[in-house]
Structures are given as structure tokens and as C-alpha cells.
Amino acid sequence: MKTVASHALGCKVNQYESEAIAELFQEKGYQVVDMEQAADVYIINTCTVTNFGDKKSRQLIRKVKRQNPDSIVVVAGCYAQTAPQEIMAIEGVNIVVGTKNRTQIVNLVENYQQKEPQNYVSNIMREREFEPLSIQKLKNRTRAYLKIQDGCSQYCSYCIIPYARGPIRSRNPEDVLAEVKCLAENGFQEVVLTGIHVASYGKDFKNITLLEMIQQVHEVKGIQRIRFSSIEPNIVTEEFVKTLSNLEKVCDHFHLSLQSGCDKILQAMNRKYNTEKYHQAVKLLRQFMPHVAITTDMIVGFPGETEEDFLTSYAFAKEMCFSKIHVFPYSPKRGTPAASMSGQIENTIKSERSQKLMQLSETMAEEFLNKLIGKEMDVLYERQIQPNTYEGHTTNYVKVHVKNDQNLTNKIVKTALTEKQGEIAKGVVTKL
């Protein structure tokens, strides 16, 4: 039996695609093995969000070829899409496919005979159809990611992804529901709707929105929890939040992308909202969902960000009372407008600002968790971490550890949160 190893760098979308590609090989009789093993075929789904992502991709390509010099190495994903010639120049690469033609990878591998690398990267900017990659088989998890959208048309000045993924393409609603039903039949209780810019779902169809898609997923029997990946404040209207608050399966955790709490910097980033709009979105979420967790991403050291700009951004983040901030020092990315902007910030300043914002994040996470201690909450337990000790998450994504004699894996259980240990709540099962 031939063997294949498939690995994703970067985002959840890449991870979903890599699992779907591995499944295509399984259907053709291949055995899926770990990336650390010698395999006949390696599929590397690359990331190019930062130059460091490019570097990690190159390192992995060289590593797997050393593991098996006779293997066929296929390089897919965003880095391959934006720099195919650079990928082709790496010794050991056999096939380059970018962010399209992933459904054809098995055929490309089985028909590969040349010793020279083959480039199948096409012009993604002309793409208008969602590529039908899907996952059907049960994995050893309780939370399933489901890709419903691809592409981005936002063109933030620091981001290469619109050039790597092309324009927005939504997945056919019938295909989404078919996969959700399959996941439910396989025992999954929680589904995460994900995409490159998930808030734009349906804009290319004109007859469905993200909100309507969520409502349809909500009707699928067996699925108990619905989450979705990062959204922006422009989608958070009163109708949107009020409707979601009445859908009991929708979790009260939102990753609401901010990037900066300073309007001057938001404008330079070409973000499509200001802090007032963002504040309004947060107020709406808290109005309709009392225990909502709001997490975010923030970039520090964007070109032209003065100390005053950073302090403005810091103060705004503090005012929003996030449950967690993912902090990123700005990293210039080749091919983006921001990389050639004047006023590039020194790395030492970026590091100092990152530390301050991460400390704020830790303080806010602790304050958020403190408010929940003493409350009884539903927890979906995902795995056993020690004998008779289980780990799971509340609807608002607080990690919970509990001791219990019964197997709690993949069960939603009422749990009293009794104390905290760092960012983890310890609890006692109150009702099985």
C-alpha cells in the first residue's frame, strides 16, 4: 500500500483542506501516515501570511525530501500560489498547485513521471467557483471545522491573502448542509463554519447570507453547537445579533477582528470600519448575550504608528474588555502596500508594545474568568487528559478541567465552575 502524509501550515482553512486532500488519497487506497515518517507522497499546504510562514514552508519541504529522497513532494497553498517559481527552485519539489486544483492532486501524483518539477498554478484572480473539497470521515475529535467560503476582496494594506486566495467564492448551501448532516451522523456535536473571509459568505450568490446559512445549519439534528471563524464589526447589526441570540445552538463566543484601536492606523490598514463602529458591535453582542466572550487580533508597530497611536489603541482595547487578544508585531510582507510605506517601526519598539498588549490580554482574560467562577455552565468535554480527568469548553470557550469516574468524552454536561488555575476553570459535574 502506498503512503501519503498531508500537513498544513497556518490557518484552520489550510488544516481543513489538508485533511480533505488526505481523504482523497485514502479513497484511492493510500495509507495516511504522519509527516515525520518516510512516505511515498508528501502534501505540504503552505502559508504566506508572513515571511516567516514562507520560511517554515521551505524548511518543511527540505525536511520531508531528506526523509525519503524518492518521494513525490506536492506543494500547495498560499505561498505556492503567490511565488510558484520560488517554490519550483527548491530542490526536491515535484508538483506545485497553489490554491486551486487541489481536487486533482491524486491524479497529478499518479501521472507524474517527469523528473523536472511541474507547475499547475493558475490565475486565482479569475476564479469564481468554490472548489468542492470536503471531509466525510470521522476524526478523533468532537469539534469539526467546515469550510464554507474561500477568497477575500477586502485588500487590507498589510495582507497578501486576497492575492493568494482570489475573490470571494461561497460554497453551495446544499453542499454545506450535506456535510453538516454527515458530521452529525458521525457523532460530532460541534461545528465551526470557517473560511478566508467568512462574513462575506453568500455575497456572490445574492440569495443567501451568512446569517441565513447559520439558521439552516441550526436545523440539522445532532449538531448541538455552532461556531464560526473571525468576523468583522460591519456584519454585527442588531438584526444579526438578535437573531443569533435566539438560536440556542450558536455559541456566545465571537472572534471580532480589530487589528488596531486607533482610527488613523485603521485607515492606513484599509480596514472598512472605525473604532466607533467596533464599539457599537461589542455593545450589541453584550446586550443580547450576557456571558459573551469576545476575542480579537491586534497588530502593533504598523508603519507610521506613533507612541501616541499605540497608547490610543491600547486604551481602546482595555475599554472593550476582551477575553483574549492575539497580538502580532507587524511583519512587512512582500507584495503588499504596507511593506513599502514610510515610517517602518523598529523591532525593539514592536516587541515592547507587544509585551504591553499581551500583559493587558492576560489581565482581561483573568477578569473574564473571575466573573464565571461560581456559575453552572454546559461544557462539551473533548478528551481525557489524565485518568478520570477530562477537558472541555463552555459555549463561551472557557477551558474546563473536571474529575469524574464516568467517561465524559463527547458529552455536554452541566458543570459548576468552582475555581480557576491560570486561564483554565476547574469544575464539578452537577448533572449528567
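What you see is a predicted model, and the numbers here were worked out from it, not measured in a lab.

### Quick look at the overall build of the protein chain
Right, so step 1: Helix and strand counts for the protein chain stand at 13 helices and 18 strands.
Right, so step 2: Against the 2.2 N^0.38 benchmark of 22 Å for 432 residues, the protein chain shows a C-alpha radius of gyration of 22 Å, consistent with a compact globule.
Right, so step 3: Projected onto its principal axes, the C-alpha coordinates of the protein chain cover approximately 65 × 60 × 45 Å.
Right, so step 4: Within the protein chain, the fraction of its 432 residues that count as buried is 54%.
Right, so step 5: When contacts within the protein chain are restricted to residue pairs at least 6 apart in sequence, those whose partners lie at least 24 apart make up 72%.

### Comments concerning the layout of surface pockets
Right, so step 1: The volume enclosed by the second largest pocket comes to roughly 490 Å³.
Right, so step 2: Around the second largest pocket sit 20 residues that line it, and E248, V250, D252, D378 and T395 are the ones nearest its centre.
Right, so step 3: Counting only elements with at least two residues in the lining of the second largest pocket, the list comes to α9 (238–245), β14 (376–386) and β17 (411–421).
Right, so step 4: The greatest single-element share of the lining of the second largest pocket, amounting to three residues, is contributed by β14.
Right, so step 5: Looking at the lining of the second largest pocket residue by residue, the classes come out as nine nonpolar, four polar and seven charged.

### Comments concerning the sheet that holds strand β2 (residues 31–32)
Right, so step 1: The strand order across the open sheet formed by six strands is β2-β1-β3-β4-β5-β6, and the pairing between neighbours is parallel. Pairing within the sheet leaves two strands with one partner each, and these edge strands are β2 and β6 (118–119).
Right, so step 2: In terms of strand pairing, strand β3 (residues 41–46) meets strand β4 (residues 72–77) through six bridges, oriented parallel. Of the residues in β4, the one forming a bridge with N45 is A76.
Right, so step 3: Helix α2 (residues 51–67) rests against β1 (3–8), β3 and β4 of the sheet, and its axis sits at about 175° to β3.

Calculation criteria
Residues numbered from 1 in each chain as written. Predicted model: local features only at pLDDT ≥ 70, side-chain atom pairs only at ≥ 80, totals over all residues. Heavy atoms only, no water. Helix = DSSP H or I, 4+ residues; strand = E, 2+ residues; numbered from the N terminus. Rg over C-alpha atoms; globule rule 2.2 N^0.38 Å. Buried < 20%, exposed > 50% of the residue type's maximum accessible area, 1.4 Å probe, protein only. Contact = heavy atoms within 4.5 Å. 1 Å grid on protein atoms, 1.4 Å probe; cavity = no way out; pocket = protein on both sides within 12 Å on 5 of 7 lines; lining within 4 Å. Points joined across faces, edges and corners; volume = space filled by probe spheres on them. Nonpolar A, V, L, I, M, F, W, Y, C, P; charged D, E, K, R; others polar. Pairing = 2+ DSSP bridges. Axes fitted to C-alpha atoms, helices over the stretch in contact; angles between N-to-C directions.

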